[in-house]
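# Commentary on secondary and tertiary structure
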Amino acid sequence: MREIVSAYSTVEVRRCRGYLDKEMRSRETRWGEFKFFIGMAKRTGGPILELACGACRVSMVLAKAGFRVWGLEASPSMIRLGRKALDRLPERVKNRVHLVKGDMCNFGPHDFGDRKFPLVIIPYTSFTFNFDRLATKILLSSSSILDSVEYGKKWEGLFLKQATDCVKSIISVLNPKGIFVVDNPQMRGEFWKMASRKFGFSYSIMEPYDFDDVPVLVGKKLF
């Protein structure tokens, strides 16, 4: 597998150590978020695939609720934090979570023992890494960027490719009529309409949390 650019800076990884502390974790939790994902898991059954799982904040909650979870994460530092957090759980809960280092723009059933999933989730705005930090890091490392117009065109093109590859990968690991959830999908123009036609899924936007108007996209594979 090719080298993956981590979406997290060193400072962000250090801050996420707070997820291992009960007091910090309670402050970081958005009201209704865990309840929503547990409800989706009960609706679809397991196993569940969490993309950009970070330090296993959501994966641990789903495992405690009795579900098997596969977590895909690009950052080795985050995976280490996740394993440290999992080690604090009872053995029976810890064993429900399987961590895989990988790129959410490039994965398939082979990365999970040829498994397919009834539910794939991308919690807490992580889908935005497809068209924000990763794209920016790649473009800033290129000496061919001459002006803001050229930069804008290349940035948008890279965003579209990364986001499209991510959705393509999601559809490839979904069971027939499986469901995927993208927290805060950052709608951009006609992207989701285009993707739904290209990859064969329907979708709706909801605001399921108990505070604020955070959009969540729920897509369903058509076949």
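Before going into details, it helps to say that this report is about the structure given with it.

Of all six residues making up strand β7 (residues 216–221), five are buried, and the element is well covered by its neighbours. Where strand β6 (residues 201–206) meets β7, six bridges bridge the pair, whose relative direction is antiparallel. Across the sheet, the residue bridging to Met 206 is Val 216, located in β7.

A few words on the sheet that holds β7. Across the sheet, which stays open at both edges, the seven strands sit in the order β3-β2-β1-β4-β5-β7-β6 with mixed pairing between neighbours. Unpaired on one side and paired on the other, β3 (97–101) and β6 mark the two borders of the sheet. Each strand of the sheet is rotated relative to its neighbour by a mean of 20°, with strand direction disregarded. In terms of strand pairing, strand β1 (residues 48–51) meets strand β4 (residues 117–122) through three bridges, oriented parallel. Bridging from a neighbouring strand, Glu 50 pairs with Ile 121 of β4. Where helix α3 (residues 33–44) meets the sheet, its contacts fall on β1, β4, β5 (174–183), β6 and β7, and the angle it forms with β5 comes to roughly 175°. Against the sheet, helix α9 (residues 191–199) engages β5, β6 and β7, with an angle of about 150° to β6.

Right, let's talk about the side chain of Lys 221 for a bit. If you trace the backbone, Lys 221 turns up in strand β7. Nearest to the buried, unbridged Lys 221 among oppositely charged side chains is Asp 114, at 14 Å. Residues contacting Lys 221, with those up to four places away along its chain left out, are Ile 171, Leu 174, Asn 175, Lys 177, Gly 178, Gly 200 and Phe 201.

Here we take up the packing of aromatic side chains. Aromatic rings in a pair are described by how distant their centres are and how their planes are angled relative to each other. Applying the stated criterion across every chain yields a total of ten aromatic pairs. Ring centres of Trp 70 and Phe 112 lie 6.1 Å apart, and the angle between their planes is 80°; on these two criteria the pair is classed as edge-to-face. Remark: Phe 112 occurs in the loop between β3 and β4 and Trp 70 occurs in strand β2 (residues 69–73); sequence separation between them is 42 residues. The pair Trp 70 / Phe 112 is uniform in exposure class, with both members buried. The structure contains a cluster of three or more aromatic residues connected by ring pairs, namely Phe 127, Phe 180, Phe 191, Trp 192, Phe 201 and Tyr 203. For Arg 57, the ring lying beneath its charged end belongs to Tyr 124, and the centroid distance is 4.9 Å.

Rules used in this analysis
Residues numbered from 1 in each chain as written. Predicted model: local features only at pLDDT ≥ 70, side-chain atom pairs only at ≥ 80, totals over all residues. Heavy atoms only, no water. Buried < 20%, exposed > 50% of the residue type's maximum accessible area, 1.4 Å probe, protein only. Helix = DSSP H or I, 4+ residues; strand = E, 2+ residues; numbered from the N terminus. Pairing = 2+ DSSP bridges. Axes fitted to C-alpha atoms, helices over the stretch in contact; angles between N-to-C directions. Contact = heavy atoms within 4.5 Å. Lys, Arg positive; Asp, Glu negative; His and termini not counted. Salt bridge = Lys/Arg side-chain N within 4 Å of Asp/Glu carboxyl O. Phe/Tyr/Trp six-rings, centres within 6.5 Å; stacked < 30°, edge-to-face > 60°. Lys NZ or Arg CZ within 6 Å of the ring centre and 35° of its normal.

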